[in-house]
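# Remarks on the overall topology
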Amino acid sequence: AGTLINISDGGVLGWETINNSGDGIIGNETQSDTSARSDRILTISKGAKGTELSIISGLYAIDEVTSLIFRKNDENTSVTIDNVVMSRKSIYVCIDGGDNTLIAKSLEEYKSVGASYNNGGGINQSVTFTSDASGQPYTVLFDRPNLVLIKIKITVKVGSSSIDTTQEIKNSILEYVNSEVRNNGFKVGVDVSPIEIAGNTAIDTGSFVSDCQVTKVTTNIFQRETIPIEIYEKANTSETLIEVVLV
């Protein structure tokens, strides 16, 4: 904030001063075709109300929302869905990123009339806001994901491509982990697949990946099988948790 103070030559006539009261948001230089198609579907779906796609679209329209999981219970009795106990005629959302109040307002706007909310096994949120239209207060429940720290050990054959450095391999993995494509990379409720990590690294760097193993930090037992992630969890890793073995 307060860093934009100059107007370049050739600006709008009569515009003499500028000052940004809030921080800017760093975007992406380009958007992939896959991400653009997904955004287009969500934009169209926002025109409806009460449908699963419209609720999800409304949430993804909020700045800095990166991923989410949505579940609903249409039954007249309480049921357990994906290890979340859901009351009758209700919805459940676990969401990463975005402002709590904006999320609450979006859920109240787009959900079906009469549907209630649930908290699950994540970091429980209870947000109360007052409707601008009616002045009535509403309380909305949703979850933030528990972070599951993941260690990655990947083995790459030296000389299989022009990219052989440990740092470049790590950068490729981190790009996959933080992918802009929804449900790709490490997102809310998305399992950790060593096969996907290895495949993406091979394609991205042109290297020959001979092995890839993963483990939760809490267990510290490497495996080649997929690690299941609950719908109220999100896998996470960092450069220091990635081990590159060059052979």
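Here's what I pulled together on the structure shown here. Sequence order as written defines residue numbering, which begins from 1 separately in each chain. Local features in this predicted model are restricted to residues of pLDDT 70 or higher, and side-chain atom pairs are both shown and tallied only at a pLDDT of 80 or more, whereas totals for entire chains, interfaces and linings draw on every residue. Hydrogens and waters are ignored; side-chain quantities use all the structure's heavy atoms.

So, about the overall build of the chain. Secondary structure counts use DSSP, requiring at least four H or I residues in a row for a helix and at least two E residues in a row for a strand, with both numbered from the N terminus. Per the secondary structure count, the chain includes five helices and eleven strands. Scored against the burial criterion, the 247 residues of the chain give a buried share of 37%. Restricting to contacts in the chain with at least 6 residues of sequence separation, those with at least 24 account for 62%. Partly exposed describes any residue whose relative accessible area lies between the buried limit of under 20% and the exposed limit of over 50%, with all areas from a 1.4 Å probe on protein chains only and scaled to the type maximum. The contact definition used throughout considers only heavy atoms, calling two residues in contact when any of these lie within 4.5 Å.

Within the secondary structure, Tyr117 is located in strand 5 (residues 116–117). On the basis of relative accessible area, Tyr117 is assigned to the buried category, the value being 11%. The sequence separation of Tyr117 and Tyr92 amounts to 25 residues, and the corresponding C-alpha distance is 6.1 Å. What Tyr117 contacts, discounting residues up to four positions off in sequence, is Ser87, Ser90, Ile91, Leu107, Glu108, Lys111, Thr139, Val140 and Leu141. Within 3.5 Å is the distance limit for a polar contact, defined as a pair of N or O atoms, with the added protein rule that one can donate a hydrogen and the other accept it, and that residues adjacent in sequence qualify only through two side-chain atoms. Looking at Tyr117, its side chain comes within polar contact range of the side chain of Glu108, at 2.6 Å.

Counting buried residues in strand 4 (residues 90–96) gives seven out of seven residues, a clear majority hidden from the surface. The two faces of strand 4 match: Ser90, Tyr92, Cys94 and Asp96 on one face and Ile91, Val93 and Ile95 on the other face are all buried. In this sheet, strand 4 lies alongside strand 1 (residues 67–73) in antiparallel orientation, the contact comprising seven bridges. By the bridge assignment, Phe70 is partnered in strand 4 with Val93. Strands were regarded as paired on the criterion that DSSP finds at least two bridges between them. As judged from the two bridges shared by strand 4 and strand 5, these two strands associate in the parallel manner.

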